[in-house]
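Per-entry structural report
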Amino acid sequence: METLQERIKEASSLEALEKIRVEIFGKKGLLAAEFAKLKDVPGPEKKAFAEGLNHQKSALQETFESTLAALKAVALEEQLVAETIDVSLYGNLGEKGALHPVAQTMDKIIDYFVALNFSVETGPLVEDDFHNFEALNLPKHHPARDMQDTFYFADGGLLRTHTSPAQIRTMLKEKPPIRMIAPGAVFRRDYDLTHTPMFHQVEGLVVEEKGKVSFANLKAILTDFLHHMFGDVEVRFRPSFFPFTEPSAEVDISCIFCKGSGCRVCSHTGWLEVLGSGVVDPNVFKAVGYENVSGYAFGLGVERFAMLMHEIPDLRSLFEGDIRLLEQFR
Ligand code: DAH
């Protein structure tokens with residue numbers, strides 16, 4: 001029995017110990033065999049024999065339990081070591097997404113005007129003739145309608161060609177004064193290096209009591225805005241025509257690529273056109289029932305800003321979803 005104690009103590013693993021347990025304590029084990037001998041032991045010696053056996057059994061059991069506990073502790077320790085997590089290791093964070101360059105540009109534009117307390121308005125992409133044209137002083141058969149290649153639906157509805165209808169919708173639902181921008185998608189039948197059938201504009205409109213705002217305010221705010229977007233550039237206002245403004249101006253910045261000396265991007269003029277603007281035409285106010293007000297408005301193409309700010313040569317590449325292009329804007 002002494003050697004059995006040794007064998008238990010020397011078990012090197014839980015599996016080895018289990019084998020020994022079966023061998024000693026099992027139904028057909030050594031102890032069972034010893035107890036079986038009890039029936040052959042003569043009467044007077046039975047008690048002493050049984051006591052001796054029970055004594056040995058509990059001694060073996062004690063050894064077994066303590067060995068089991070020790071081996072379990074070792075196994076747990078090994079498992080803890082194997083499963084250790086080094087929390088100081090730099091994790092695999094996976095691919096990181098980012099806003100699309102058009103969204104980034106849009107946000108930068110919106111940030112500027114929100115800081116000046118402009119509200120951000122929206123309107124439907126599917127418009128009607130009244131909001132997209134008529135109320136903006138573009139009556140039917142007006143030649144200026146040809147400036148915008150419109151997608152029409154069979155029922156006379158259309159995809160808005162600019163964000164200007166949001167001006168009309170806002171004025172119809174609010175009372176002056178108004179300070180708003182309307183960012184969003186617009187649609188035109190156009191497709192080349194600098195045109196896609198869907199693109200984004202931001203419209204701006206300020207309406208105040210008559211005489212409170214003038215072209216001077218328009219000039220000041222748009223000049224400051226363009227500095228916010230493009231940094232230290234020259235800004236010039238060039239007389240132009242829009243049906244909804246009078247007078248109207250297109251706004252140019254000095255070419256950010258050649259600093260005004262003339263290059264391919266600015267068609268060797270030294271200037272880049274970036275905005276349409278003007279003093280709101282009285283006919284627009286008439287269409288929404290506003291009286292005794294003055295106002296100015298402006299509109300810009302977001303993709304054009306993004307292309308200039310990031311030197312993107314082909315507008316269409318912004319909408320192809322090529323990950324190699326988009327990864328550059330993280
Ligand atoms: N709606 C014009 C366009 O899509 C842009 C524009 C020009 C908007 C002058 C204005 C404005 O509000 O005053 O080309």
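Residues numbered from 1 in each chain as written. Predicted model: local features only at pLDDT ≥ 70, side-chain atom pairs only at ≥ 80, totals over all residues. Heavy atoms only, no water.

What about the environment of Phe25?
Counted only if it meets this: Counting from the N terminus, the helices are the DSSP runs of H or I reaching at least four residues and the strands are the DSSP runs of E reaching at least two. Residue contacts are defined here by distance: any two heavy atoms, one from each residue, within 4.5 Å place the two residues in contact.
Following the sequence through the fold, Phe25 ends up in helix H2 (residues 14-25). Spatially, the C-alpha atoms of Phe25 and Val235 are 98 Å apart, while their sequence positions differ by 210 residues. Setting aside residues no more than four positions away along its own chain, Phe25 makes contact with Leu31, Lys57, Leu60, Gln61 and Phe64.

Focus: the domain arrangement of the protein chain
A common way to report how large an interface is uses the accessible area buried once the components associate. Using the following cut-off: In this entry, domain limits derive from an automatic or database-based domain assignment.
Per the domain assignment, the segments making up the protein chain are domain 1 (2-82) and domain 2 (101-329). Placing the centre of domain 1 and that of domain 2 at their C-alpha centroids yields a distance of 91 Å.

As for the pattern of salt bridges
Operational definition: For this document, the term salt bridge refers to a Lys or Arg side-chain nitrogen within 4 Å of an Asp or Glu carboxyl oxygen.
Applying the stated criterion across every chain, the model contains 14 salt bridges. A salt bridge links Glu121 to Lys173; the nearest nitrogen and oxygen atoms lie 3.1 Å apart. With a gap of 52 residues between them, Glu121 in the loop between strand E1 (119-120) and strand E2 (126-127) and Lys173 in helix H7 (residues 165-173) connect regions that are remote in the sequence. A salt bridge links Arg238 to Asp252; the nearest nitrogen and oxygen atoms lie 2.8 Å apart. In this pair, Arg238 sits in strand E6 (residues 235-242) while Asp252 sits in strand E7 (residues 245-254), placing the two residues 14 residues apart along the sequence.

Re the site of the ligand
Keep this limit in mind: We call a residue near a molecule or strand when any one of its heavy atoms sits within 4 Å of it. Any pair of nitrogen or oxygen atoms within 3.5 Å is treated as a polar contact; in protein, a donor-acceptor pairing is required on top of that, and neighbouring residues in sequence qualify only through side-chain atoms on both sides. The residue classification treats Ala, Val, Leu, Ile, Met, Phe, Trp, Tyr, Cys and Pro as nonpolar and Asp, Glu, Lys and Arg as charged. All others, Gly included, are polar.
Taken together, 16 residues lie around the ligand, and His162, Ser164, Arg188, Gln201 and Glu203 are the ones closest in. Separating an oxygen atom of the ligand from a side-chain N or O atom of Arg188 is a distance of 2.7 Å. Residue Glu203 places a side-chain N or O atom 2.5 Å away from an oxygen atom belonging to the ligand. Going through the elements one at a time, strand E5 (198-209), strand E8 (271-280) and strand E9 (293-301) are the ones with two or more residues in the shell around the ligand. Looking at the shell around the ligand residue by residue, the classes come out as 4 nonpolar, 10 polar and 2 charged.

So, the packing of helix H5 (residues 101-115) against helix H8 (residues 215-230)
In plain terms, the rule: In this description, a line fitted to the C-alpha atoms serves as the axis of each element, helices being fitted only across the stretch in contact, and the angle between N-to-C directions of two axes falls anywhere from 0 to 180 degrees. These descriptions rest on fixed angle ranges, namely under 35 degrees for roughly parallel, over 145 for roughly antiparallel, 65 to 115 for roughly perpendicular, and the rest for oblique. Each crossing gets its handedness from the near helix: less than a right angle anticlockwise from the far helix is left-handed, clockwise is right-handed.
Between H5 and H8, the least distance of the axes is 10 Å, while the angle of their chain directions is 140 degrees. Put simply, H5 runs oblique to H8. Helix-helix and strand crossings are classified by hand; for H5 and H8 the assignment is right-handed. Counted together, Thr105, Lys108, Ile109, Tyr112 and Phe113 of H5 and Ile221, Asp224, Phe225, His228 and Met229 of H8 form the full contact between these two elements. For the contact of H5 with H8, the class distribution of residues is 6 nonpolar, 2 polar and 2 charged.

Looking at the environment of Ala287
Basically, it comes down to this: We call a residue buried when its accessible area falls under 20% of the maximum for its residue type, exposed when it is over 50%, and partly exposed in between, using a 1.4 Å probe and counting protein chains only.
Among the secondary structure elements, Ala287 is positioned in helix H9 (residues 282-288). Ala287 sits in the partly exposed class, given a relative accessible area of 31%. Taking C-alpha positions, Ala287 is 35 Å from Trp271, a pair spaced 16 residues apart along the chain. Setting aside its immediate chain neighbours within four residues, Ala287 contacts Phe130 and Ala135.

Details of the packing of H8 against helix H10 (residues 302-310)
Their axes nearest at 11 Å, the elements H8 and H10 cross at an angle of 50 degrees. One element, H8, and the other, H10, form an angle in the oblique class. Where H8 abuts H10, its residues Phe225, Leu226, Met229 and Phe230 lie against Phe305, Leu308 and Met309. The residue inventory of the contact of H8 with H10, partitioned by class, reads 7 nonpolar, no polar and no charged.

Digging into the layout of surface pockets
Where empty space is left in the structure can be found by rolling a water-sized probe over the atoms. Rules: A cavity, in this analysis, means grid points on a 1 Å lattice covering only the protein atoms where a 1.4 Å probe fits yet has no way out; a pocket is instead an open set bounded by protein on both sides within 12 Å along at least five of seven lines, and a residue lines either one if it has an atom within 4 Å of a point. Grid points are joined across faces, edges and corners, and a volume is the space filled by probe spheres set on the points.
For the largest pocket, the calculated volume is near 1,300 Å³. Elements supplying a minimum of two residues to the lining of the largest pocket: E5, E7, E8, E9 and H10. Broken down by element, the lining of the largest pocket gets its largest block of residues, 8 residues, from E8.

Some words on the sheet that holds E1
Remark on secondary structure: sheet strands pair via backbone hydrogen bonds, oriented parallel or antiparallel. Heads up, the condition is: In this description, strands pair whenever DSSP reports at least two bridges between them.
Read across the open sheet, the 7 strands follow the order E1-E4-E5-E9-E8-E7-E6; overall the sheet is mixed. The outermost strands of the open sheet, each flanked by one partner alone, are E1 and E6. Direction of pairing for E1 relative to strand E4 (residues 178-187): parallel, over a ladder of 2 bridges. Looking across to E4, one finds that Val120 is bridged to Ile181. Running over the sheet, H5 touches E1, E4, E5 and E9 and is turned about 165 degrees from E4.

Some words on a nonpolar patch on the surface
The following threshold applies: Here a patch means residues that are over 30% exposed by relative accessible area and free of salt bridges, tied together within 9 Å if like-charged and within 5 Å if nonpolar (Val, Leu, Ile, Met, Phe, Trp, Tyr). Accessible surface is estimated by sampling points in the Shrake-Rupley manner with a 1.4 Å probe; for residues, cover comes only from the protein chains shown.
A contiguous nonpolar surface patch, about 250 Å² in accessible area, is contributed by Leu125, Val126 and Phe153. Note that Phe153 resides in the loop between helix H6 (129-132) and strand E3 (158-159).

Topic: the pairing of E8
Burial analysis of E8 places 7 of its 10 residues in the buried class, which makes it a mostly covered element. Here E7 runs beside E8; their pairing, made up of 8 bridges, is antiparallel. Looking across to E8, one finds that Ser248 is bridged to Gly278. Two strands pair when backbone bridges link them, and E8 and E9 are joined in this way by 4 bridges, in the antiparallel orientation. Bridge assignment links Val279 to a residue of E9, and that residue is Tyr296.

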